[in-house]
Amino acid sequence: MTPVTLRYGNILQPQLGPGRGPDPSSLEPGGELCRRFEGAMAELHRRREAGELGFLDLPDDHALSRQTRELADSFGQWFEVVVVVGIGGSGLGGRAVAEALLGPFWNERTDEAREHFPRLYFLENADPDTTGELLDRLDLRRTLFNVVSKSGGTAETLAQYLIIEDRLRRELGEEGVRGHLLFTTDPVVGALRGVAAEQEVPALPVPPAVGGRFSVLSPVGLLPAAVAGIDPDEILAGARAMRDRCLSASLRENPAGLLAALLHGADVDRGQRVHVLMPYSDRLRGLSLWFQQLWGESLGKRSPTGGAEDEGVGPTPLAALGAVDQHSLLQLLLDGPRDKVVTFIRVRDREQGLPIPRSHPDRPLLSRLGGHSLDALLDAELRATVEALRRRGRPSLTLELDRVDAHGMGELFMLWQVAAVLAGAMYGVNPLDQPGVELGKRLALGLLDPGGETVERLPPEDPQWSV
Ligand code: PA5
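Rules used in this analysis
Residues numbered from 1 in each chain as written. Predicted model: local features only at pLDDT ≥ 70, side-chain atom pairs only at ≥ 80, totals over all residues. Heavy atoms only, no water. Patch = residues over 30% accessible without salt bridge, like charges linked within 9 Å, V, L, I, M, F, W, Y side chains within 5 Å. Areas by Shrake-Rupley, 256 points an atom, 1.4 Å probe, with all protein chains shown as cover. Salt bridge = Lys/Arg side-chain N within 4 Å of Asp/Glu carboxyl O. Helix = DSSP H or I, 4+ residues; strand = E, 2+ residues; numbered from the N terminus. Buried < 20%, exposed > 50% of the residue type's maximum accessible area, 1.4 Å probe, protein only. Pairing = 2+ DSSP bridges. Axes fitted to C-alpha atoms, helices over the stretch in contact; angles between N-to-C directions. Contact = heavy atoms within 4.5 Å. Parallel < 35°, antiparallel > 145°, perpendicular 65-115°, else oblique. Left-handed = near helix turned anticlockwise from the far one by under 90°. Nonpolar A, V, L, I, M, F, W, Y, C, P; charged D, E, K, R; others polar. Arc of directions from axis to C-beta. Polar contact = N/O pair within 3.5 Å; in protein donor to acceptor, adjacent residues only side chain to side chain.

Colleague: So, a nonpolar patch on the surface: which residues are in play, and what are the values?
Modeller: Judged by side-chain polarity, Leu354, Leu369, Leu374 and Leu377 come together as a nonpolar surface patch covering roughly 310 Å² of accessible area. Among the secondary structure elements, Leu377 is positioned in helix H14 (residues 374-391).

Here it is, written out as structure tokens:
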């Protein structure tokens, strides 16, 4: 098995031309990017020693992964459906795992094809259309709801939980509430932990030092995998191997250090502040969305030196999918402003190559495709796009993995999480907090409950600015 490989030649000056990328000497000891990396590693070790980087230790937490697997096994294959209810870091990680490892159309497969493992749905948004429609369709007697909230205080998730609990109670009675709910939440604080204790609802812990968007390797991401028959230990083995690489003090051997230094440098040295992640695999679409949250919420912060007129720092992440977005974003990437870096993900082997039949010999547009495979076509599209960008002097990185499997996903999750912490140190921000999200939450609560004491108020709308 080849470890996940980062190819970074196409972000460097020799490939792109003068002024278009960093000189490779910058990555060597004494070089500017290497210096930033060393400072960031020192900060990572400081945070780790202070007990702030719980995600780094999750691959070694065998007791927690056993607890997760045993709880998943205790449900057996009895439930036909598992609904994961959670938002942000409490939804995106589990979804990324499931989409990658269960493959397309899992929910449409027959019971036999799923080996009687449950169908999986993710309820992220508090959108009544989606929530109501899903609940109306389900046979609650055969459904388990995994309600996920690290804080146990997120309005969207708690509101959905209240609706679900009420339906369970009305349809199945008190026993139904206990038997069809599973919480994943902080081990001590929050509303869900309180309910779990009072009503004997089973609850998995998210370790205190593991924050929302850094929780995919905890029961947040592992429970949905385990209930569908995926071994969490395989994911954790990949994460462990990558973590060990990402703790290397040598920049040229540290893939997270290179990702962080090259992407941070692209932003602050050359104004390439849009960071696109573009896997060429439908299975990795969820990973792209997970990256978007991780990179945006961790790095988009008030500038460490900013005063009242603070402009803020941080890249703008953009989730994309190849080859689909060649037909929507590529024109912009090739000819639009030089403010973007694309990180491609290439999968070397897929389950299905899917040969393209030879036919229509008299129609060149059709006949030249015959004899190849969809796999080869997708790969050719990726390599051609990388080259087209390079010829225009536009930077890209490529992550390569053998196949989309549990080990590889563990590697990718750990890689980007360590890169986010290192990039946070380079930007001079705290990658673990999200103070900006709080104002929106207080304003929303003010609208729902205007009598509350700690709420913020909205100014009245001025009708002259509506049409
Ligand atoms: O990364 C974060 O901390 C946030 O995006 C959270 O994941 C999100 O707000 C959901 O929070 P919680 O898990 O507490 O419900």
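There's plenty left to go through after this.
Colleague: Run through unusual backbone geometry, naming residues and quoting values.
Modeller: A cis amide bond links Gly322 to the next residue, Ala323, at an omega of 0°. Unlike most non-glycine residues, Phe105 shows phi in positive territory, near 60°. Along the chain, Phe105 falls in the loop between helix H4 (89-102) and strand E3 (119-123). Phi angles above zero are rare outside glycine, and His116 is one such case at about 65°. Among the secondary structure elements, His116 is positioned in the loop between H4 and E3. Note on His116: relative accessible area 42%, which makes it partly exposed.

Colleague: Run through the sheet that holds strand E5 (residues 181-185), naming residues and quoting values.
Modeller: Ordered by their spatial adjacency, 5 strands build an open sheet running E3-E2-E4-E5-E6, and the pairing between neighbours is parallel. Looking along the sheet, the strands with just one partner apiece sit at the ends: E3 and strand E6 (203-205). Across the sheet, the mean angle separating the axes of adjacent strands is 20° when strand polarity is ignored. Note: strand E2 (residues 81-85) against strand E4 (residues 143-149), 5 bridges, orientation parallel. Directly across from Val84, in E4, lies its bridge partner Asn146. Along the sheet, H4 makes contact with E3 and E4, crossing E3 at roughly 150°. Against the sheet, helix H5 (residues 128-137) makes contact with E2, E3 and E4, and its axis sits at roughly 150° relative to E3, the strand it touches most.

Colleague: For the packing of H4 against helix H11 (residues 285-299), give the residues involved together with the corresponding values.
Modeller: Running from amino to carboxyl end, H4 crosses H11 at an angle of 155°, the nearest separation of the two axes being 7 Å. Taken together, the axes of H4 and H11 are roughly antiparallel relative to one another. For the element pair H4 and H11, the recorded crossing hand is left-handed. Within the contact between the two elements, H4 uses Gly89, Leu92, Gly93, Arg95, Ala96 and Glu99 and H11 uses Arg285, Gly286, Leu287, Leu289, Trp290 and Gln293. In terms of residue class, the contact of H4 with H11 is built from 5 nonpolar, 4 polar and 3 charged.

Colleague: Before we move on, could you go through H5 and cite the residues and values that matter?
Modeller: Of the positions making up H5, those classed as buried are Thr131, Gly132, Leu134 and Leu135. Each buried residue of H5 lies within a common arc of 165° when the element is viewed along its axis, so the set occupies one face. Exposed side chains of H5 directed beyond 90 degrees from the buried face belong to Asp129, Asp136 and Arg137. Tucked inside the fold, the buried residues of H5 contact E2, E3, E4 and helix H6 (155-179). Capping the start of H5 is the job of one residue whose side-chain oxygen sits 2.8 Å from the backbone nitrogen of Asp129: Asp127.

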